[in-house]
Amino acid sequence: MLDYLMVFDGEDWQQRWDRTPLADGSVGSTDDVVQEVFTRCALGGDSKSPRSGQRADIRRGIQMLIALDVVRPRAAFLVPFVTPWLAAHLHVVRADPDYARVFADLDLSGFNGRSTKYVRRSWTRNRLAQLCAVTGKPIGGLAVDDLVAFAYDYSATGKHLSGVQEINSLLAKHGLIDGDYTARRKRLGRKNAAQFVSHYGVKSPTIARVLTAYLERRFITLDYSTQASVACTLVRNFWCVIEQLDPGCDTLAISEDVAEAWKEWLRHLRTPTGEPIRPRSAFLDEVATVRGMYLDIQEWAHEEPERWGQWAVRCPVSAIETKGAEKLRRLAKQRSHDRTRDRLPNVERLVNVAAHCYQQLTQMMAAASALDRGATFTHDGVTYRRTDAPGNDHLRVTQVSNDRKIDLVHAEESAFWGYAIVVLLRHTGLRIEELLEISQIAIRDYVHPDPVVGRVPLLHVAPSKNDKERCIVLEPEAVAVLGAILQRIRRVTGCGRNLPPIVGYDYHERRNLPPLPLIMRRTAGKGFKHGNTRPMTPAYVKIVIDQLNKEAAITDHAGRPVAYTPHDFRRIFATERQNSGDMPPHIIQALLGHANLTTTQGYAAVFPNDVIRAHSSWIAARRQTRADEYRASTQDEWDSFTENFMSRSIAIGTCMRQYESACDHEYACERCDLAQVDEDGVQRLRQTRTNVIDQVSEAETRGWRGEQEAKRAVLEAITRKINDFEAAQNRTRIVHLGIPAVR
């Protein structure tokens, strides 16, 4: 094996190994690896195939180099290469003290049968040995990230690696690892440019380096979601297709025939086998991204000719081929408006269906909980039997007529969150990632300076897409739902007023959030224990909304089913506010968190005729259902109303307290914030201030300290009112500049 590695250049054995065809797994199976070494070193003379002894020697030689940590292979090599003695070699050569301790107490209680136990024990030993070989770490030095990276590299070969959770549990049992592999595997971290290129499998090393360098420079100013989109376009949808059409191509200067074939391939979304499914709506965006890469390289070639000069070639996408993007945007905007018009009239029905489902399941849980196991009960005309096993926390029932089993705990959980999510999305206009990141500390009680307004509930939205914070005034429906969520979490966790913090995950930026008292957390589900909660995921939000779509069975005018998505409620929120006529577009823009007003206008679907008809019918229905509010007032009621405003006239101006409310300040108007001063009142306040100053002097002379404090408080209030009035007058004062003279 050392003779084989000496054939390749490198400063050490690892560099030589990386330059061999074995390193990236391209050689193939174990037999192909043995044949490669046998042929390269000419071990057989005239023989073209190795003998059985030579085959075993080559395999043992490779495993000994790995065990001695002379070379560290990648998963791409270990997947096809059979390593039956690698674990034994590692145990003997590296003398890892944790090795014997871990395998002496290997817990395989989840597998029945002697042969199965032996297979799983051997499998676990070999996988652990491969992990140590790839990382160069002892068993006790492995981390959850090492398991995730190995599984990711393994899956990149096209095969699924199962059972890594068993290794995680085994090491955690002996205190050798911290963290949960399953949770970490679902939350794969961010890929860099090189990992994107490697993931999509670029065959040309030269082009792989160029794409990696270009993406590294582009990624500096992009968020991670955009990074992933650009990498997918340039690597998977562009260059990997070019390599299929022109095998062996290692230059960006592709021929016109290949470029036209690539554009034709790109016009359709395709199956893994290449069969077209439907036209690609983002075709112009894809070709514009490719054209942008070529133009960027041409510009960079002037700045760094020694690095980018050789790659500055003719762009396969002409400028005219990117025209028409504005037309496609208009069509997309039209489709979005049509979608909103179909869903807006039925959104109230969807909310009612969600509330009804939650109410029904709550009643079923109450009825089933009051019965013994095996007893039957009837709800809404359907007979059920309680069938949960003793000691099981989940309440289960079976429908007697068709033996349909229902987990009431899961069903009630989904129904509650379905109603809560729909109401919150409709009345706040949040993005789905913003919804999942709502924390208890984001719900604030704002005291407005105007006493008539009073307290206003606000929701502080953390920065998301545009990295802009904003506050949303919560409507009563949203406040009620948030209160129900807080009560639900407190009941499950047994906490006090403050919710326990949990670690959420940003699925767009691929990173964990700091521990926060998130309120969007599931309280029941598979694997949940009593008092345990988990952060909600975007997938769960879509699941509960899809369930509501099935329950509501809403159709459009043509009888086609209408399905809601989380983002539909954001468009409905904008449309309802704009069509109401009470909210300016720039306020809607601030509520939605858009960077420009054009985006907001694209969200709101305006239909004036429909709005006028709907508003007229709504007024008529309101007058019928709330007739008491629209009846003519009596003379006594009108006299009481006018007398209330006449009683508000005071010496310094007008009292602005609420209708039919008593004075809370015992008519000390000079110190009351509700007293609005007019011009005559200011003159009286100035006279009063002069008198109060004299009274303060007299109190100081006579030593009346209590009188001094009282008069100083009155003096401060009077001075503040005078200053506020003068400041308001200065703001509205007109300055005449005169007519400019001609020089």
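Residues numbered from 1 in each chain as written. Predicted model: local features only at pLDDT ≥ 70, side-chain atom pairs only at ≥ 80, totals over all residues. Heavy atoms only, no water.

## Considering the packing of aromatic side chains
The condition that has to hold: Stacked, tilted and edge-to-face are the three classes assigned to paired rings of Phe, Tyr and Trp, where Trp is represented by its six-membered ring and a pair needs centres within 6.5 Å; plane angles under 30 degrees give stacked, over 60 edge-to-face, the rest tilted. Only protein chains enter the calculation, and the probe is 1.4 Å; a residue is then buried if its accessible area is under 20% of its type maximum, exposed if over 50%, and partly exposed in between. Segments assigned H or I by DSSP are reported as helices when at least four residues long, segments assigned E as strands when at least two residues long, and all are numbered from the N terminus. Our definition puts a charge over a ring when NZ of Lys or CZ of Arg is within 6 Å of the ring centre and also within 35 degrees of the ring normal.
Throughout the structure, instances matching the rule amount to 14 aromatic pairs. Summarising the aromatic geometry, the rings of Y4 and F8 are spaced 5.4 Å apart at their centres and angled 70° between planes, so their arrangement reads as edge-to-face. Assigned by exposure class, Y4 and F8 land together as buried. Relative to W300, the ring of Y214 lies with its centre 5.2 Å away and its plane at 35°, an arrangement referred to as tilted. Pair noted here: Y214 is in helix α13 (residues 205–218) and W300 is in helix α16 (residues 283–303), with a separation of 86 residues, a long-range link. For W300, a relative accessible area of 9% gives the class buried. Sitting over the face of the ring of W13, R16 holds its NZ or CZ atom 5.9 Å from the ring centroid. Looking at R488, its charged tip hangs above the ring of F416, at a distance of 4.3 Å from the centre.

## Focus: the side chain of T533
Heads up, the rule is: Pairing of N or O atoms within 3.5 Å defines a polar contact, subject to two protein rules: one partner must be a possible hydrogen donor and the other a possible acceptor, and residues neighboring in sequence count only if both atoms are side-chain atoms.
By the secondary structure assignment, T533 is in the loop between β12 (521–522) and β13 (534–535). Overall, T533 belongs to the buried group, its relative accessible area being 11%. Looking at T533, its side chain comes within polar contact range of the side chain of R521, at 3.3 Å.

## Some remarks on empty space enclosed by the protein
Under the convention used in this document: Whether a set of points on the 1 Å grid over the protein atoms alone is a cavity depends on a 1.4 Å probe fitting there but being unable to get out, while an open set qualifies as a pocket with protein on both sides within 12 Å along at least five of seven lines; lining residues are those with an atom within 4 Å of a point. Grid points are joined across faces, edges and corners, and a volume is the space filled by probe spheres set on the points. Charged means Asp, Glu, Lys or Arg here, nonpolar means Ala, Val, Leu, Ile, Met, Phe, Trp, Tyr, Cys or Pro, and polar covers whatever is left, Gly included.
Tallied over the entire structure, the rule returns two cavities of 30 Å³ or more. What the largest cavity holds in volume is close to 120 Å³. Sorting the residues of the lining of the largest cavity by element identifies α21 (432–436) and β10 (505–506) as the ones contributing at least two each. If one sorts the elements of the lining of the largest cavity by residue count, α21 sits on top with three residues. Residue composition of the lining of the largest cavity, grouped by class: nine nonpolar, two polar and three charged.

## Regarding the pattern of salt bridges
The line we're drawing: Here, a salt bridge means any Lys or Arg side-chain nitrogen found within 4 Å of an Asp or Glu carboxyl oxygen.
Scanning the entire structure with this criterion turns up 30 salt bridges. Between E576 and R426 there is a salt bridge, with its nearest N and O atoms 3.3 Å apart. Of the two residues, E576 sits in helix α24 (residues 566–580) while R426 sits in helix α20 (residues 408–428), which places them 150 residues apart along the sequence. On the basis of relative accessible area, E576 is assigned to the partly exposed category, the value being 23%.

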